[in-house]
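Per-entry structural report
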There are 2 protein chains.
Amino acid sequence: MGETNGVHWLDDGQQAAWRSFVVGNARFWEALSAAHDAELDLNLGEYTLLVQLSEQPDRTQRMSALADGLVLSRSRLTHTVARMEQRGLVSRCPADGDRRGVNCRMTDLGYAALVAAAPGHVRAVRRLLVDILDPEEMQALGRIMGKIGAAARHELTGDPRAC
Amino acid sequence: MGETNGVHWLDDGQQAAWRSFVVGNARFWEALSAAHDAELDLNLGEYTLLVQLSEQPDRTQRMSALADGLVLSRSRLTHTVARMEQRGLVSRCPADGDRRGVNCRMTDLGYAALVAAAPGHVRAVRRLLVDILDPEEMQALGRIMGKIGAAARHELTGDPRAC
DNA sequence: ATGTTGTAGTTGAGATCTCAACTATCTCAT
DNA sequence: ATGAGATAGTTGAGATCTCAACTACAACAT
């Protein structure tokens, strides 16, 4: 099928699905980010970072683990955390056991900000995603994006194994 | 189900699907963007813009239509096009019929760059998405993201109708 | 014809992100 | 113990993006 110059182009159905993915995604994140900016005191990135921290023991996590979990570059995380530290949402201290390491810890102020923002965030996620889809579609989306994410991770880390 | 303080939190299955979506998405775009940076002379944004132009009559489109099609802000598009114009990939000229309007046109150099980049782009999209999924999953993804994108558009434009 | 409101696009300043160094520490084989 | 990589995190400069003006024109009612 559709091969020219040795390149396997996408057929019409694949093209259409790919377009929906690109455009739908862009619109979704734009809308979710806009909802944060309009109603909440934490933008989407800050909120996501605090959620991740809130799930760690002592609300603390190593910078590198945080970067991996949030799919952010080390550098970007450093800058983001520096800004959030200025606002008093998180604090940094040396990790114990590895003197290279740095722990990032959510402050009480950060926790309060997270609690204040959570309802608005969840409402937006429901309005824009969960309530839009049938339960089976939501489940399918999770499964499909899991596969996509795993494939991308393998490519990014040069990791050939399927874990 | 899961309601506290009048907020309808997500249940475990919804949470898991949402996480897969967030992380899978981030990884996918990171990997696709990295593939462009590593192998191609057009980054993902430039490539997408040129694809959009390539599908227009005379490879030309109004700035506003281009911004809508690519889900970019007007400002961001202006800056991006200005950079691409510097590189000779596109050119701008007044639109006829509306003296406020500006047309963006892909140059021959832009077309050549697009043609050169297309095989690598398609290979990456296959490797990271199309070949990862079963055909039914690819189709489902397109349908689901179409619904999500439509909902987001309604919210962004304040448009209550489901077209 | 005039005024009012909406649309198209740009601009520049500040915020954010990327990329390539760079320091410091750890790991581990010799 | 020592030296050669690997890993953790930061830094700063340059690239890119956002946001709020701003100009210019169009549409439309009075």
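With an unreviewed UniProt entry as reference, chain A is termed MarR family transcriptional regulator, source organism Myceligenerans pegani.

1. Structural notes on the overall build of chain A
Across its full length, chain A holds 6 helices and 5 strands. Relative to the compact-globule value of 15 Å for 163 residues, chain A shows a C-alpha radius of gyration of 19 Å, a clear excess of over 25%. Once the C-alpha set of chain A is aligned to its principal axes, its extents read approximately 55 × 40 × 25 Å. By the burial criterion, 45% of the 163 residues in chain A qualify as buried. Accessible surface, chain A as shown: approximately 8700 Å² in total, 51% of it carbon and sulfur.

2. Thoughts on the environment of B:Arg83
Residues and elements named next belong to chain B. Checked against the element boundaries, Arg83 lands in helix α4 (residues 74-86). When its relative accessible area of 54% is taken as the criterion, Arg83 is described as exposed. The sequence separation of Arg83 and Asp37 amounts to 46 residues, and the corresponding C-alpha distance is 17 Å.

3. Digging into the relation of the copies chain B and chain A
Between the two chain copies there is a screw-like relation: a rotation about an axis and a shift along it. Superposition of chain B onto chain A requires a rotation of 180° combined with a translation of 0.0 Å along the rotation axis, giving an RMSD of 0.0 Å. Given the turn and translation reported, the copies of this chain are related as if by a two-fold rotation axis. Taking C-alpha positions as the reference, the residue of chain B nearest the rotation axis is B:Leu141, at 3.4 Å. A shared interface surface links the copies, since 100% of the contact residues of chain B are contact residues in chain A too.

4. Focus on the pattern of salt bridges
Counted according to the given criterion, the structure contains 22 salt bridges over all chains. As a salt-bridge pair, B:Glu137 and A:Lys147 come within 2.7 Å of each other at their nearest N and O atoms. Of this pair, B:Glu137 sits in helix α6 (residues 135-157) while A:Lys147 sits in helix α6 (residues 135-157), each in a different chain. Overall, A:Lys147 belongs to the partly exposed group, its relative accessible area being 29%. Through salt bridges that share partners, A:Glu39, A:Arg127 and B:Glu155 make up one connected network.

5. Some remarks on the interface of chain B and chain A
With 58 residues of chain B in contact, the opposing surface of chain A contributes 58 residues. The largest per-residue losses of area from chain B upon contact with chain A belong to B:Trp18, B:Arg27 and B:Val71, which jointly make up 12% of the total buried on that side. Taken together, chain B and chain A are joined by 8 salt bridges. Counting every contact that joins chain B to chain A gives 15 residue pairs in polar contact (both at pLDDT 80 or more).

6. Structural notes on helix α3 (residues 63-70) of chain A
Side chains of residues three or four places apart in an α-helix project in the same direction, reflecting 3.6 residues per turn. Residues and elements named next belong to chain A. Taken together, the buried positions of α3 are occupied by Met63, Leu66, Ala67 and Leu70. Axial view of α3: buried residues confined to an arc of 100°, hence all on one face. Buried residues in α3 make contact with α2 (44-54), β3 (60-62), α4 (74-86), β4 (90-94) and β5 (102-106).

7. Some remarks on the protein's contact with DNA strand C
Inspection of the region around DNA strand C gives 20 residues, with A:Ser75, A:Arg76, A:Arg83, B:Ser64 and B:Thr78 positioned closest. When atoms of DNA strand C within 4 Å of the protein are split into backbone and base, the sugar-phosphate part holds 70%. Within the backbone of B:Met63, one N or O atom sits 3.4 Å away from a phosphate oxygen of DNA strand C. Within the contact set of DNA strand C, a phosphate oxygen lies 2.9 Å away from a backbone nitrogen or oxygen of B:Val102. At the level of elements, α4 of chain A together with α3 (63-70) and α4 of chain B are the ones that each hand at least two residues to the surface near DNA strand C. With 5 residues, α4(A) is the largest single contributor of residues to the surface near DNA strand C. Class assignment of the residues belonging to the surface near DNA strand C gives a composition of 2 nonpolar, 8 polar and 10 charged.

8. As for unusual backbone geometry
Residue and element names in this part refer to chain A. Even without glycine at this site, Asp58 takes up a positive phi of about 60°. Within the secondary structure, Asp58 sits in the loop between α2 and β3. The exposed category is assigned to Asp58, whose relative accessible area is 52%.

9. Some remarks on the packing of aromatic side chains
Residues and elements named next belong to chain A. Within the structure shown, the criterion is met by 12 aromatic pairs over all chains. Ring geometry for Phe28 versus Trp29: centroids 4.9 Å apart, planes at 80°, classification edge-to-face. You can call Phe28 buried: its relative accessible area is 0%. Over the ring of Tyr111 we find Arg59, and its NZ or CZ is 3.8 Å from the ring centre.

10. Observations regarding the protein's contact with DNA strand D
Around DNA strand D there are 20 residues in total, and A:Ser64, A:Thr78, B:Ser75, B:Arg76 and B:Arg83 lie nearest to it. Side-chain polar atom of A:His79 to a base oxygen of DNA strand D: 3.1 Å apart, as the coordinates give it. A:Val102 is positioned with one of its backbone polar atoms (N or O) 2.9 Å from a phosphate oxygen of DNA strand D. Looking at the surface near DNA strand D, the elements that each hand over two or more residues are α3 and α4 of chain A together with α4 of chain B. When residues of the surface near DNA strand D are assigned to their parent elements, the largest contribution, 5 residues, is made by α4(B). Residues of the surface near DNA strand D, tallied by class, amount to 2 nonpolar, 8 polar and 10 charged.

Conventions adopted
Along each chain, the written sequence defines residue order, and numbers are assigned to residues from 1. Labels are handed out in written order, letters beginning with A for the chains and numbers beginning with 1 for the ligands. For this predicted model, a pLDDT threshold of at least 70 governs which residues receive local features, and a threshold of 80 or more governs which side-chain atom pairs are given and counted, while totals over whole chains, interfaces and linings are taken from all residues. The basis for every side-chain value is the complete set of heavy atoms in the structure, and neither hydrogens nor water enter the calculation. Each helix corresponds to a stretch of at least 4 residues labelled H or I by DSSP, and each strand to a stretch of at least 2 residues labelled E; elements are numbered beginning at the N terminus. Atoms counted for the radius of gyration: C-alpha only. Globule rule: 2.2 Å times residue count to the power 0.38. Remark: exposure states derive from per-residue accessible area (1.4 Å probe, protein chains only) relative to the maximum for the residue type, with buried under 20%, exposed over 50%, and partly exposed in between. Computed by Shrake-Rupley with a 1.4 Å probe, the accessible areas treat only the displayed protein chains as cover when residues are assessed. Least squares is the method used to superpose the copies, on C-alpha atoms of residues holding a pLDDT of at least 70 in both. By the convention used here, residues are in contact when the closest approach between their heavy atoms is within 4.5 Å. What counts as a salt bridge is simple: a side-chain nitrogen of Lys or Arg found within 4 Å of a carboxyl oxygen of Asp or Glu. Accessible area that two parts lose when put together, with a 1.4 Å probe and added across both, is what the buried area reports. Throughout this description, a polar contact denotes any pair of N or O atoms lying within 3.5 Å of each other; where both atoms belong to protein, one of them has to be capable of donating a hydrogen while the other can accept it, and for residues adjacent in sequence the pair is counted only when both atoms sit in side chains. This arc is taken over the directions from the axis of the helix to the C-beta atoms. Nearness is judged by heavy atoms alone; a residue qualifies as near a molecule or strand once a single heavy atom is within 4 Å of it. Under this grouping Gly is polar, as are all residues other than the nonpolar Ala, Val, Leu, Ile, Met, Phe, Trp, Tyr, Cys and Pro and the charged Asp, Glu, Lys and Arg. Between the rings of Phe, Tyr and Trp (Trp by its six-membered ring), a pair exists once the centres lie within 6.5 Å; its type follows the angle of the planes, with under 30 degrees stacked, over 60 edge-to-face, and the other angles tilted. Cation placement over rings: the criterion is NZ of Lys or CZ of Arg within 6 Å of the ring centroid and within 35° of the ring normal.

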